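# Structural overview
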Amino acid sequence: MSRMTDDDATRHEARLLWHANPGLFALLEAARHTGPIARVPRLGWVVTDPVLARRVLNDHGTFTMGGEGGVGHLWTQLFGDEMGEFFGGARHAEVRTRARDLFTEDAARDLVERAQGAHLAQLAGQLADGGSVDVADSARVLGGRLVADLLGLPADRPDDDYRGLFAAGERLAALALGTTASTELAPDLLERAHEIVDGLTTGVPDAYRAAGPDTLLGRCREMGLGLPMARGLATLLVIAGTETGASGTTRTVALLHDTGQQHALLRDPGLTANAVREGLRVAAPAPVIGRHVARDADLAGRALRAGDRVLLLTYRATNGAGPFEVTRDYVPETRQLWFGGGRHLCLGAAVARTQIARMLGALHSTGRPYRVVSRRAARRVLVPSYASLVVKPA
Ligand code: HEM
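Let me begin by describing the structure that accompanies this report. (Residues numbered from 1 in each chain as written. Predicted model: local features only at pLDDT ≥ 70, side-chain atom pairs only at ≥ 80, totals over all residues. Heavy atoms only, no water.)

Here we come to the overall build of the chain. When helices and strands are counted, the chain shows 18 helices and 10 strands. What you see for the chain is a C-alpha radius of gyration of 20 Å, in line with the 21 Å of a compact globule of 394 residues. Seen along its three principal axes, the alpha-carbon backbone of the chain occupies a region of about 55 × 55 × 35 Å. Relative to its full complement of 394 residues, the chain shows a buried share of 53%. For the chain, restricting intrachain contacts to residue pairs at least 6 apart in sequence, the fraction spanning at least 24 positions comes to 73%. Counting every atom, the chain has about 16,400 Å² of accessible surface; 53% of that belongs to carbon and sulfur. Here the chain contributes 46 positively and 44 negatively charged side chains, and the mean placements of these two sets differ by 4 Å. (Helix = DSSP H or I, 4+ residues; strand = E, 2+ residues; numbered from the N terminus. Rg over C-alpha atoms; globule rule 2.2 N^0.38 Å. Buried < 20%, exposed > 50% of the residue type's maximum accessible area, 1.4 Å probe, protein only. Contact = heavy atoms within 4.5 Å. Areas by Shrake-Rupley, 256 points an atom, 1.4 Å probe, with all protein chains shown as cover. Lys, Arg positive; Asp, Glu negative; His and termini not counted. Charge placed at Lys NZ, Arg CZ, Asp CG, Glu CD.)

Structure (structure tokens):
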């Protein structure tokens, strides 16, 4: 592998971060030099070390999701106290336990096949005919299809409906772009957020009544969670599961191309799990995780005070291990920090990994490498990604 190709990959990744959110890009650049933990004016504590980051994620008593700085604070403003308290309460553990079987490796394989198999087969067919495909667009449609299926919303609609679901989630998440310094939403932002949520959840009442027990909304009904909470959790799933999944998929495809390492994967498809892990480590689609400091604490010798906020720069923490390397072993310090850690560790991790692996398989199903014909970064989005990444057989 030449130095040049590593540089290409790094340059493209940096462009994605910049176009998504110039403030975040600047913070990530500055944080190269701040050490494992630093206090940044207006923002709070910034953590770049993977082991310290995991310590924060595992200490639920000290570092919480509710309160200024935590994402639970945003949910409270949107769906009320019940949803806000959900993240830190007993209900959270209960919901996770009751939903666990929907997110196992086996369930993930079935779900991805059911929701995405036909679209992926069509994509493979287009490439076999020498045609081009926009991986970014496909990943958005596939993300929408996956979440709709998991929730129990209608799964038999045209692609445009799922593009719409994805776009609504993206618009809602983008409202959080201005919340790096404070998670208090201004009244006009809150009104816009409610409008988007209303559109996003129009199908939820029907699905809540009728969806099968093997869907999330069916489970919500069986648990007696009530419609408002079901709407909140459906929105949470759209926010958590679409943009991150599409970003992880599209950027892994680009990284394999830009580093030239797709050739190693073509030669040895046994490297797929490694390629997926490295793609997620380097792309880190959730580049920042925020927490509220609920009580005074010492972290690596620094005195954190109740009421402070902490920003875990997962992107910096996971990229410390070096550039994308398809044969790199599992990095023990980093573990799977791109999926968070502790009680809120990403519920959809197996689903996310499976869908990326299936996309790589579809792109290489011709037995030939793919080349990127054109690409465009997404602008002003919470999760950095490509608006478009068009590939065709090389
Ligand atoms: C590459 C793709 C993905 C990445 C990088 C990712 C990352 C994350 C991270 C970092 C968290 C923890 C946030 C925090 O602690 O504040 C999280 C939580 C979550 N993710 Fe994912 N995610 C991905 C895909 C998905 C998918 C596909 C689904 C659903 C199908 C999903 C469902 C969830 C849910 C429900 C939570 C909340 C868990 C809780 O609070 O207990 N994620 N994800």
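Next comes the rest of the write-up.
The ligand sits among 24 residues. The nearest are H92, R96, R291, H344 and C346. Contact between the ligand and R96: an oxygen atom at 2.7 Å from a side-chain N or O atom of the residue. Side-chain polar atom of R291 to an oxygen atom of the ligand: 2.7 Å apart, as the coordinates give it. Elements with a minimum of two residues in the shell around the ligand: α6 (90-99), α8 (135-151), α13 (227-241), α14 (243-258) and β5 (289-293). At three residues, the largest contribution of residues to the shell around the ligand is made by α13. Class assignment of the residues belonging to the shell around the ligand gives a composition of 14 nonpolar, seven polar and three charged. (Near = heavy atom within 4 Å. Polar contact = N/O pair within 3.5 Å; in protein donor to acceptor, adjacent residues only side chain to side chain. Nonpolar A, V, L, I, M, F, W, Y, C, P; charged D, E, K, R; others polar.)

This structure, assessed with the given rule, holds four aromatic pairs. Between the aromatic rings of W75 and F79, the centroid separation amounts to 5.7 Å while the plane-to-plane angle is 20°, which identifies the pairing as stacked. One end of the pair, W75, and the other, F79, are both in helix α4 (residues 71-79), four residues apart, so they sit about a helical turn from each other. Since its relative accessible area comes to 18%, F79 is described here as buried. By way of ring pairs, the aromatic residues W75, F79, F86 and F87 are connected into one cluster. (Phe/Tyr/Trp six-rings, centres within 6.5 Å; stacked < 30°, edge-to-face > 60°.)

Let us now look at the coordination of the iron atom of the ligand. The protein supplies the iron atom of the ligand with one donor atom, C346 (SG), which lies at 2.3 Å. Position of C346 among the secondary structure elements: in the loop between α17 (314-319) and α18 (349-363). (Donors = N, O, S within 2.8 Å, 3.2 Å for Na, K, Ca; no water.)

All right, on to the packing of helix α9 (residues 159-174) against α13 then. Where α9 contacts α13, the two axes come as close as 9 Å, and the packing angle between them is 90°. Classified by the angle between their axes, α9 and α13 sit roughly perpendicular to one another. For the pair α9 and α13, contact is made by L165, G169, L172 and A173 and by T235, V238 and I239, respectively. A class-by-class count of the residues in the contact of α9 with α13 yields five nonpolar, two polar and no charged. (Axes fitted to C-alpha atoms, helices over the stretch in contact; angles between N-to-C directions. Parallel < 35°, antiparallel > 145°, perpendicular 65-115°, else oblique.)

With that settled, the discussion passes to the sheet that holds β5. Taken in spatial order, the five strands of this open sheet run β1-β2-β8-β5-β3, and their pairing is mixed. Lying at the two open borders of the sheet, with one neighbouring strand each, are β1 (37-40) and β3 (63-64). Two elements, β3 and β5, share two bridges in a ladder whose sense is antiparallel. Each residue of the ladder has a partner; that of T64, found in β5, is H292. (Pairing = 2+ DSSP bridges.)

This brings us to the layout of surface pockets. Estimates place the volume of the second largest pocket at around 370 Å³. Every residue lining the second largest pocket is counted, 21 residues in all, and those nearest its centre are T10, R32, V282, Y315 and N319. The set of elements that each furnish at least two residues to the lining of the second largest pocket consists of α1 (3-20), α2 (22-30) and α17. Ranked by residue count, the leading element in the lining of the second largest pocket is α1, at seven residues. Broken down by class, the residue content of the lining of the second largest pocket amounts to 10 nonpolar, five polar and six charged. (1 Å grid on protein atoms, 1.4 Å probe; cavity = no way out; pocket = protein on both sides within 12 Å on 5 of 7 lines; lining within 4 Å. Points joined across faces, edges and corners; volume = space filled by probe spheres on them.)

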